[in-house]
Amino acid sequence: MLNLLWVKYMLKICLFFSAFLLLPSTLIFGVQIKQVQAISLKNNQVKTSQINWDLLTQASTRSESNLEAEAQQLFQKRDFSGSIPLLEAAIKNYAAQGDDYGQIRALRNLGLVYLKLGKWQKSEATLNNCLNLIQQISNNQKTAQLTASVLEVKGQLLLSLGKAEAALDTWKEASQTYEKIENYLGLTRSNINQAQALQALGLYSQAWKQLEIARQNLQDQPDTIVKAKALQSLGDVLRGIGQVQASQKVLESSLAIAENLQATEEIAITLISLGNTAILLENPKAANLFYQGAIEELPVPEIKIQAMLNQLNLFVQQKEYFAATESVKNIDDLLNQLPNSQAAIYARINLAQSLLELRKMVLTNGNNKPLYSTVKIAEYLVKAVQQAKNLGDTRAESYALGNLGKLYEHNQQFNEAKELTEKALNLAQAINAADIIYQWQWQLGRILVAQENKEEAILAYSQAVETIQSLRSDIVAISSELKFDFRDSVEPVYRELVELLLEPSESGKTDTISQENLRQARKIIEALQLAELDNFFRNACLDAQPVEIDLVDKNAAIFYTIILGDRLAVILAIPEQPLVYYTTNISKSKINSTVQTLLDALTNPQKRIFIENYWEPAQKIYNWLINPIEKQLEANKIKTLVFVSEGNLRNVPLASLYDGEKYLAQKYNVAIAPSLELIDPQPLARKELEILSMGITESRQGFPPLPNVRQELEDIQNQTSSEILLNESFTEKEANTEVANTTYQVIHIATHGEFSSNAEDTFILTWDEKINVEELRNMIRSGTQQTKPIELLVLSACRTASGDNRATLGLAGIAVRAGARSTIASLWYVSDEATAALMKNLYQELTNPEITKAEALRRAQQQLLKDAQTGRINPEFEHPYFWSTFILVGNWL
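Given the structure is predicted, the values throughout are model-derived calculations rather than measurements.

(A) Broad picture of the overall build of the protein. From N to C terminus, the protein includes 36 helices and 15 strands. In the protein, which comprises 893 residues, the share counted as buried stands at 59%. Long-range contacts, defined as pairs at least 24 residues apart, comprise 70% of the intrachain contacts of the protein with a sequence gap of at least 6. Only carbon and sulfur atoms are counted for the fraction: they give 45% of the accessible area of the protein, which is about 36100 Å².

(B) Inspection of the packing of aromatic side chains at higher detail. If you walk through the whole model with that rule in mind, you get 10 aromatic pairs. Seen in terms of ring centroids, Phe 877 and Phe 882 are 4.9 Å apart; in terms of plane orientation they differ by 45°. Their pairing is tilted. Here Phe 877 matches Phe 882 in class, with each residue buried. Grouping aromatic residues by their ring pairs yields a cluster made of Trp 615, Tyr 658, Tyr 663 and Trp 883. The ring of Tyr 881 has Arg 608 sitting right over it, with the charged end atom 3.7 Å from the ring centre.

(C) Geometry of empty space enclosed by the protein. Under the criterion given, the structure shown has eight cavities of 30 Å³ or more. Approximately 210 Å³ is the volume attributed to the largest cavity. Every residue lining the largest cavity is counted, 18 residues in all, and those nearest its centre are Arg 650, Ile 672, Pro 674, Thr 808 and Ala 812. Elements with a minimum of two residues in the lining of the largest cavity: α25 (515-537), α33 (808-817) and β15 (886-890). At four residues, the largest contribution of residues to the lining of the largest cavity is made by α33.

(D) Layout of the nonpolar core. Phe 559, Leu 625, Leu 633, Leu 641, Ile 749 and Trp 892 are the most contacted members of the largest nonpolar core, which totals 257 residues. With 11 residues, helix α16 (residues 342-364) is the largest single contributor of residues to this core. Apart from the residues lying within four places of it in its own chain, the contact partners of Leu 633 are Ala 557, Phe 559, Leu 572, Ile 574, Ile 626, Ile 638, Leu 641 and Tyr 668. Within the second largest apolar cluster, 26 residues are counted, among which are Leu 158, Leu 198, Val 237 and Val 250.

(E) Layout of the side chain of Asp 553. For Asp 553, the location among the structural elements is in the loop between α26 (549-552) and β3 (556-563). Of the buried charged residues, Asp 553 lacks a salt bridge, with Lys 639 as the closest side chain of opposite charge at 8.1 Å. At 2.9 Å, the side chain of Asp 553 and the backbone nitrogen of Asn 555 are in polar contact. Here the side chain of Asp 553 touches Trp 892 through a polar contact of 3.0 Å, side chain to side chain. Not counting residues within four places of it along the chain, the set of residues in contact with Asp 553 comprises Pro 575, Thr 640, Trp 892 and Leu 893.

(F) Local environment of the packing of helix α10 (residues 225-240) against helix α11 (residues 244-261). Two elements in contact, α10 and α11, have axes whose closest approach is 8 Å; the angle formed by their N-to-C orientations is 160°. Judged by the inter-axis angle, α10 sits roughly antiparallel to α11. The chirality of how α10 crosses α11 is left-handed. Packed against α10, whose contacting residues are Ile 225, Lys 227, Ala 228, Leu 231, Gln 232, Leu 234, Gly 235, Asp 236, Leu 238 and Arg 239, the element α11 presents Val 244, Ala 246, Ser 247, Val 250, Leu 251, Ser 253, Ser 254, Ile 257, Ala 258 and Leu 261 at the interface. Tallied by class, residues from the contact of α10 with α11 come to 12 nonpolar, five polar and three charged.

(G) Examining the pairing of strand β14 (residues 820-826) more closely. With seven of seven residues buried, β14 is to be regarded as a mostly interior element. Taken together, strand β13 (residues 790-800), α33 and β14 form a β-α-β motif whose crossover is right-handed. Pairing between β14 and β15: five bridges, direction antiparallel. The partner of Ser 826 across the bridge, within β15, is Phe 886.

(H) Inspection of helix α35 (residues 853-870) at higher detail. Spanning 18 residues, α35 covers 26 Å between terminal C-alpha atoms, matching the ideal 26 Å at 1.5 Å per step. Residues Lys 853, Ala 854, Glu 855, Ala 856, Leu 857, Arg 858, Ala 860, Gln 861, Leu 864, Leu 865, Asp 867 and Ala 868 constitute the buried set of α35. The positive-phi residue at the C-terminal boundary of α35 is Gly 871, with phi of around 85°.

(I) Region of the structure containing helix α17 (residues 374-391). Its 18 residues give α17 an end-to-end C-alpha distance of 26 Å, which sits within 8% of 26 Å, the value for a rise of 1.5 Å per residue. When we look at burial in α17, the residues that qualify are Thr 374, Ile 377, Ala 378, Tyr 380, Leu 381, Ala 384, Val 385, Gln 387, Ala 388 and Leu 391. In the stretch just after α17, Gly 392 is the one whose phi turns positive, near 70°.

(J) Geometry of the pattern of salt bridges. In the structure shown here, the tally under the stated rule is 32 salt bridges. In this structure, the salt-bridge partner of Arg 189 is Glu 152, at a minimum N-O distance of 2.7 Å. Pair noted here: Arg 189 is in helix α8 (residues 184-200) and Glu 152 is in helix α6 (residues 141-160), with a separation of 37 residues, a long-range link. The exposure class assigned to Arg 189 is buried, which follows from its relative accessible area of 14%. With its nearest N and O atoms 3.4 Å apart, the salt bridge here joins Glu 516 to Arg 519. Of this pair, Glu 516 and Arg 519 are both found in helix α25, three residues apart, which corresponds to roughly one turn of the helix. Using a relative accessible area of 45% as the deciding quantity, one classes Arg 519 as partly exposed. Ionic contacts of the salt-bridge type, sharing partners, join the residues Glu 491, Arg 495, Glu 532, Glu 646, Arg 650 and Arg 806 into one network.

(K) Expanded view of the confidence of the model for the protein. The predicted model of the protein averages 84 in pLDDT, with 86% of residues at 70 or higher. In this model, residues 1-26 is a region of pLDDT below 50 whose contacts with residues beyond four sequence positions or in other chains number 111 contacts. Below pLDDT 50 for its whole length, residues 476-484 participates in 39 contacts with residues either more than four positions away or in separate chains.

The rules behind each value
Residues numbered from 1 in each chain as written. Predicted model: local features only at pLDDT ≥ 70, side-chain atom pairs only at ≥ 80, totals over all residues. Heavy atoms only, no water. Helix = DSSP H or I, 4+ residues; strand = E, 2+ residues; numbered from the N terminus. Buried < 20%, exposed > 50% of the residue type's maximum accessible area, 1.4 Å probe, protein only. Contact = heavy atoms within 4.5 Å. Areas by Shrake-Rupley, 256 points an atom, 1.4 Å probe, with all protein chains shown as cover. Phe/Tyr/Trp six-rings, centres within 6.5 Å; stacked < 30°, edge-to-face > 60°. Lys NZ or Arg CZ within 6 Å of the ring centre and 35° of its normal. 1 Å grid on protein atoms, 1.4 Å probe; cavity = no way out; pocket = protein on both sides within 12 Å on 5 of 7 lines; lining within 4 Å. Points joined across faces, edges and corners; volume = space filled by probe spheres on them. Core = buried A, V, L, I, M, F, W, Y, C linked by side-chain atoms within 4.5 Å. Lys, Arg positive; Asp, Glu negative; His and termini not counted. Salt bridge = Lys/Arg side-chain N within 4 Å of Asp/Glu carboxyl O. Polar contact = N/O pair within 3.5 Å; in protein donor to acceptor, adjacent residues only side chain to side chain. Axes fitted to C-alpha atoms, helices over the stretch in contact; angles between N-to-C directions. Parallel < 35°, antiparallel > 145°, perpendicular 65-115°, else oblique. Left-handed = near helix turned anticlockwise from the far one by under 90°. Nonpolar A, V, L, I, M, F, W, Y, C, P; charged D, E, K, R; others polar. Right-handed = clockwise from strand over helix to strand, strands pointing away. Pairing = 2+ DSSP bridges. Expected span 1.5 Å × (residues − 1). pLDDT = per-residue confidence, 0-100.

Right under this line is the structure:
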């Protein structure tokens, strides 16, 4: 799996080269830039945009304009150094003649050349000289055009130096100038540049809006490089916010335009983007082909090495050792061709990262002779540190030093690793780069653990978590670049801190863990749940507030479960009592296999025949979670068990846990809380329930019919005040209209749906379409009438996605994002006959003002179980498969 730091490096390099492509491939000549004229040729011939440059021709065979023309030719051949003396001579001559416009133009071109060479200080000084000269001449359209063109280059310089916010402001100024002089090509180009800066800042939603405007403006225009670039940038942003299918489609459109224009550099960059998207689509073969295509396009070395580094990382992640080692040789050769630039720095850091992973792979496989030694890897990083210092790039220097510290950590040279990591951390803190600060805080924590300095390690880990909390939006944007990245580079920070806090003494006794450590561990578990939901939504949209359990329900106990390396840990919170901690010594793999055995016995039709197959794993999990603490639950008169769970335990229908004689649902009310901080502690008002019931009975969009849904909705209507939208009446539009005109406490949806760990694949089926989490939220919160939260959302025919062991995250996501205080939903789809019977019981109980929602669900489940046992309904419904699928998420009152 690809890690977060790698994503940041790749994103930075992608932005670096993508924005370069929007810089002119030619230098600016002439006093005036004429209107762009797009020429479309017939019979699928090349479409191109040509800029007509007014060249100043003079009698002299070596006039100033000719000097610039020669410089332009060298620039196009990528002989940047060769163009410098020609431009310097032109600048000198223009100054002697008093030609301010010519001097500014040539200076701007010289600043661009320095930028291409990675000579940041010279580029900055030259561009500032341009802007100073501009202030000294009269303000007209010609001056404005030159000003905007200088600002375009300056914005790229700032982005290259890691100053994304300053780059954004500079490009905004360029856009305003282009708009004033009605240069709409320049305006569009500057808007695309702004989107690049917004991506670098992690502001993907803003970048998406910016690029959507650019796409609409260019939609009816002929194909140009700018149009291709707008689509390529949009594709990157769509991938960043998790819309991977849309990303692929847009990138394919960009590639088609670039190929039609025979724009080699844009083709290569778009192929790299397509490769990155293919990884998210879990298609490594396609990703490799895209990267290889970019390499074979023979673009500039900086772009080619980007493709090669991405391909190498893919080989490493796919454990293709031979292909990886061959790729390294080619990258090594190309590295020496790069000028001393930011691109070269990050290329060396990325190469070192991949080599370290390659080394770990070889050593893990028992080969004691990796291709590259730690000394060789260190050489790349030391060179990167030196280059970053020479360029004055503090951020890059921090990256390089931090990775050098990681290399020493790998080599178990912990003193040197600590020193380097602290230097990297100090540099990152000096520039307030929170997105890398937490990486080095985490790394420092690991090193301190290795040095057996637990107290300082806890401090370093705690600071890392605080840093993550401070940049929730940035972490979400970065993490969403790769599907599994959150699990690799954010989640472990929380887990490792909890493990430190709950580390038993040498005696192994859990009662030696202090209440302060238990409180802090509980807080970290809550924070992890919120971070995971943020990652699911691709947006830090949750407004969480700490809730005291005593104020919520004096008869409820909260179970915090967390799977550590060698044990299952539980922190139990009982009102007005100290926190209780207990563990079961069991491996993560054993926990996962037991959960899978339970789910197979519960949902597999062949195994479901023998209920004993289910009782055995159900009793094991009962013994892990409930048995050690049951006497205390009874002593404190606990009625409701609320679980804040993680890992595979979230997939378990906890009401069906078995003590050898009874199910948990026969003893306690059970609820699930994604995070206690998200609970709105308000009980359900029971005067008269206003319910909107919606559903589909017929087969739609490839899903089977649900014939008993009509009876289910009619039973609800007979027991309560209910409005029904059925079949063709159940559309998003109709639901929006209904909710806008009437206030409902409960919304009941009886239709197919699926919960997934990916928000893009979590949906509810309406008559005419599938609606996602955000659309569902809008549907049930539309209009001015629905001023209060929905008390209860019921989804009675949904299921978790098969093969997705984190699919219940989608259920939690719907429960939270829908804005309902509570959600009752099914983990898997059962017969709609059993569902109709259970729902009839549920709404009978919900009308009782003396009981909570959690107790109403438990009574409904018990009644179904009893009716099946007595033969009043289908005896098969006695199996927990039919009644335990329904769980309550959120407020249980």
